[in-house]
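Examining the three-dimensional arrangement
What follows is the residue order along each chain.
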Amino acid sequence: MSIETAPKISWWNRLAHPGQFVALTRPLVWPLAALTAVLFAAGLWFAFFNSPADYQMGDTVRIMYVHVPTAWLSQFVYATMAVSALGTLIWRHPMADVSMKSAAPLGAAFTAMALFTGSMWGRPTWGTFWEWDGRMTSTLVLLFIYLGIVALWRAFDDQLRAARVVAIFTLVGAVNIPIIKFSVDWWSTLHQPASVFTPEGPKMPGSILTPLFIMFFAFTFLFLVLQLVAMHTEVRRRRIATLERRMARGSAA
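Every chain's residues receive numbers from 1 upward, in the order its sequence appears when written. Whole-chain, interface and lining totals are the exception, using all residues; otherwise, since this is a predicted model, local features are given only for residues with pLDDT of at least 70 and side-chain atom pairs are given and counted only at 80 or more. With hydrogens and water set aside, each side-chain value is computed from the structure's full complement of heavy atoms.

1. Looking at the side chain of Thr170
Only DSSP runs of H or I with at least four residues qualify as helices, and only runs of E with at least two residues qualify as strands; both kinds are numbered from the N terminus onward. By secondary structure assignment, the location of Thr170 is in helix α6 (residues 159–173). Note on exposure labels: buried denotes an accessible area under 20% of the residue type's maximum, exposed denotes more than 50%, and partly exposed covers the range between, all computed with a 1.4 Å probe on protein chains only. For Thr170, a relative accessible area of 0% gives the class buried. The criterion used for residue contact is that any of the two residues' heavy atoms lie within 4.5 Å. Not counting chain neighbours up to four residues away, the residues in contact with Thr170 comprise Tyr78, Met81, Ala82, Ala85, Met100 and Ile149.

2. Description of the packing of helix α5 (residues 134–155) against helix α7 (residues 176–186)
Remark: α5 packs on α7, axes separated minimally by 8 Å, with the N-to-C direction vectors making an angle of 160 degrees. Taken together, the axis directions place α5 and α7 in an arrangement best described as roughly antiparallel. The element α5 and its partner α7 pack so that their crossing is left-handed. Mapping the contact onto sequence places Gly134, Arg135, Ser138, Thr139, Val141, Leu142 and Ile145 in α5 and Asn176, Ile177, Ile179, Ile180, Lys181, Ser183 and Val184 in α7. Each residue belonging to the contact of α5 with α7 can be placed in one class, and the counts come to seven nonpolar, five polar and two charged. Only the stretch in contact is used when fitting a helix axis, every axis being a line fitted to C-alpha atoms; angles between N-to-C directions are given from 0 to 180 degrees. Roughly parallel here means an angle under 35 degrees, roughly antiparallel means over 145, roughly perpendicular means 65 to 115, and every remaining angle is called oblique. Throughout, a crossing is termed right-handed when the near helix is turned clockwise from the far one, and left-handed when it is turned anticlockwise from it by less than a right angle. Classes in brief: Ala, Val, Leu, Ile, Met, Phe, Trp, Tyr, Cys and Pro nonpolar; Asp, Glu, Lys and Arg charged; the others, Gly included, polar.

3. Considering the nonpolar core
Think of a nonpolar core as a cluster: buried Ala, Val, Leu, Ile, Met, Phe, Trp, Tyr and Cys residues, connected wherever their side-chain atoms sit within 4.5 Å. With 43 residues, the main nonpolar core has Met64, Met81 and Ile149 as its most contacted residues. At the level of elements, α2 (18–49), α3 (64–91), α4 (96–126), α5, α6, α7 and α8 (206–252) are the ones that each hand at least two residues to this core. Not counting the four nearest positions on each side in its chain, Ile149 is found in contact with Tyr78, Met81, Ala104, Val166, Phe169 and Thr170. Grouped together as the second largest cluster of nonpolar side chains are ten residues, Val22, Val29, Val98 and Val225 included.

4. Details of the packing of aromatic side chains
What characterises a pair of aromatic rings is the spacing of the ring centres plus the angle enclosed by the ring planes. Aromatic pairs are defined between Phe, Tyr and Trp rings, using the six-membered ring for Trp, whenever the two ring centres lie within 6.5 Å; interplanar angles under 30 degrees are classed as stacked, those over 60 as edge-to-face, and all others as tilted. This model, assessed by the stated rule, comprises nine aromatic pairs. Between the aromatic rings of Tyr78 and Tyr146, the centroid separation amounts to 5.5 Å while the plane-to-plane angle is 70 degrees, which identifies the pairing as edge-to-face. Placement of the pair is Tyr78 in helix α3 and Tyr146 in helix α5, with a sequence separation of 68 residues. Using a relative accessible area of 0% as the deciding quantity, one classes Tyr78 as buried. Site record: aromatic cluster; members linked through ring pairs are Trp72, Phe76, Phe110, Phe216, Phe217 and Phe223.

5. Structural notes on the UniProt feature "transmembrane region" (unreviewed entry) in the protein chain
UniProt positions are given in the numbering used here, feature names are shortened, and annotations may be inferred rather than shown by experiment. Those residues carrying the UniProt feature "transmembrane region" (unreviewed entry) are residues 28–49, 69–91, 103–122, 134–153, 165–188 and 208–230 in this numbering. Secondary structure content for residues 103–122 is 100% helix and 0% strand, while the C-alpha to C-alpha distance between its ends is 28 Å.

6. Some remarks on the pattern of salt bridges
By convention in these notes, a salt bridge is any Lys or Arg side-chain nitrogen within 4 Å of a carboxyl oxygen on Asp or Glu. Taken as a whole and assessed by the stated rule, the structure comprises four salt bridges. Overlapping salt bridges, with partners in common, bring together Asp97, Lys101, Glu234, Arg237 and Arg238 in one network.

7. Things to note about α2
Given the number of residues in a helix, its expected span is that number minus one, multiplied by 1.5 Å. The first and last C-alpha atoms of α2 sit 44 Å apart over 32 residues, in line with the 46 Å expected at 1.5 Å per residue. Two axes enter the definition of the bend at a residue: one is fitted to the seven residues ending there, the other to the seven starting there, and the bend is the angle between them. Of all bends in α2, the biggest is about 35 degrees, found at Thr25, and the proline Pro27 comes one to four residues later. Among the residues making up α2, those that are buried are Gly19, Phe21, Val22, Thr25, Val29, Leu32, Thr36, Leu39, Phe40, Gly43 and Ala47.

Put into structure tokens, the structure is as follows:
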């Protein structure tokens, strides 16, 4: 007599269950938060005490250690949302819309930081806080897209219906990401071309690259921590909303 075994549940299916997702990822939050704090401490120490001032920009070059990582995250977070939008529309993954909703305010915050630090850096470097060049304008458009997505989520009481509408809007808005990326190549802008990831290798000395990469990882892990916390909060919020609806139906009956 053959003994039937229960089908093995893949990690993908386990993550699809909100309760399983929270149980699997909750233990990661504090270790990742500690790693983020260590990276920020090391990055700031290198940025302020172990990296040289620029021969043209002086100490204002240190703004780069915040501006560049936040500018990178403004695009990376949107790419994460676009993948989540595909997960919502194509694979119907239950956690995809939770990821998409949780990332939008974070992306807006990082984009606003990139614009603010860019303006602070631009004033002593270019002589102006703002210029309507390709990269700055397309990044401002990205901020408006983020804010529009946040507003769309809040406009719907039915979050499942909102997820499909927001997913479509997110995928349409994704066309702006390559515009930001290649704007310095397509148009004449104040921004310089890529100086880190180039075919010839980095065009910066190691004393500047080291704090830049440390801050890059610090901000990336910060996003990961905040994203997990926001997703856990959203799962709990939806559970509470479901319980409230059940209690309301029970009271009506």
